[in-house]
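Fold and geometry: a report
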Amino acid sequence: MSEYFKLGVIGAGGHGKVVADTAERAGWTEVVFFDPRFGATEQTHSHWQLLGLPEEAQAHNCDGYFVAIGNSLARQQWNEWLLGRGLPLVSLIDPDSSVSRYAMLESGVLVVAGAVINADTHIAQGVIVNTRAAIDHDCTIGAYSHVCPGTALAGSVTVGKHSWLGIGCQVRQGASIGSNVTVGAGATVVSDIQDGLTVVGTPARPQ
């Protein structure tokens, strides 16, 4: 396991807990939080220091930064804010996940325990690959999408930007899922899904 130092995390909600725990397991020795709600509803955090607003993060000289916000548009906003200030945006990969050396992960990606990412898959910026999600070979996951816990993607699946693949859903080989798509929990995707749709059921159909 590699050892890093101080990680600044934007977003101190429940997803932030998963991010901080993953960071510690990946070798970060200190995790501190910054939250947009600081001073209004958020003052403390259960296990980690909550230091202030995201705009104050740069002053704390962290070695890396990560955005732990579930909403994909807000996650993109804060990632771009960090990058625009030249702050180092890192990816976090749990040591109990399996990521092929031939997979490509961009910055700001989270890979949680038990997840599998196979060879020649491309994971774009800000994607969440959650607990026990499985992404097979030659897949492409667009920026700021979320592959929820227990989801299974067969080979050569394409997912657009800002899409949400619900817990336990399954996607057949070669299927194309557009941008801003929501796939319901437990759904089975057997055909292509156009941009902006919400699909549910087995086989998955527009709601």
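Residues numbered from 1 in each chain as written. Predicted model: local features only at pLDDT ≥ 70, side-chain atom pairs only at ≥ 80, totals over all residues. Heavy atoms only, no water.

Taking 1.5 Å per residue, twelve residues should reach 16 Å; helix α1 (residues 14–25) reaches 17 Å between its end C-alpha atoms and fits that length. Regarding α1, the residues found buried are H15, G16, V19, A20, T22 and A23. Taken down its axis, α1 places every buried residue within 160° of arc, on the same side. Next to the buried residues of α1 lie β1 (6–10), β2 (30–34), β4 (64–67), β5 (92–93), β8 (110–111) and β11 (128–129). (Helix = DSSP H or I, 4+ residues; strand = E, 2+ residues; numbered from the N terminus. Expected span 1.5 Å × (residues − 1). Buried < 20%, exposed > 50% of the residue type's maximum accessible area, 1.4 Å probe, protein only. Arc of directions from axis to C-beta. Contact = heavy atoms within 4.5 Å.)

With that settled, the discussion passes to the sheet that holds strand β13 (residues 140–141). If you walk across this open sheet you meet the five strands as β7-β10-β13-β16-β19, and the pairing is parallel. Edge positions in the sheet fall to β7 (104–105) and β19 (176–177), since each of these pairs with one other strand and no more. Strand direction decides the pairing type here: β13 and strand β16 (residues 158–159), joined by two bridges, are parallel. What sits directly across from T140, in β16, is T158. (Pairing = 2+ DSSP bridges.)

Our focus in this paragraph is the side chain of Q125. Relative to the helices and strands, Q125 is located in the loop between β10 (122–123) and β11. According to the relative accessible area criterion, Q125 is buried, its value standing at 18%. Side-chain polar atoms of Q125 contact the side chain of Y144, separated by 2.6 Å. Not counting the four nearest positions on each side in its chain, Q125 is found in contact with N79, L83, L89, E106, S107, A143 and Y144. (Polar contact = N/O pair within 3.5 Å; in protein donor to acceptor, adjacent residues only side chain to side chain.)

What follows is about the pattern of salt bridges. Taken as a whole and assessed by the stated rule, the structure comprises three salt bridges. The partner of D94 in a salt bridge is R25, with the nearest N and O atoms 2.6 Å apart. Here D94 is found in the loop between β5 and β6 (98–99), whereas its partner R25 is found in helix α1, with 69 residues between them in sequence. Relative accessible area serves as the criterion here: at 3%, D94 is assigned to the buried category. Judged by relative accessible area, R25 falls into the partly exposed class, the value being 29%. Linking R37 and D35 is a salt bridge whose minimum nitrogen-to-oxygen distance equals 2.8 Å. D35 gets classed as buried once you look at its relative accessible area, which sits at 1%. Taken together, the salt bridges that share partners define one network made up of R25, D94 and D96. (Salt bridge = Lys/Arg side-chain N within 4 Å of Asp/Glu carboxyl O.)

None of this, on its own, says anything about what the molecule does.
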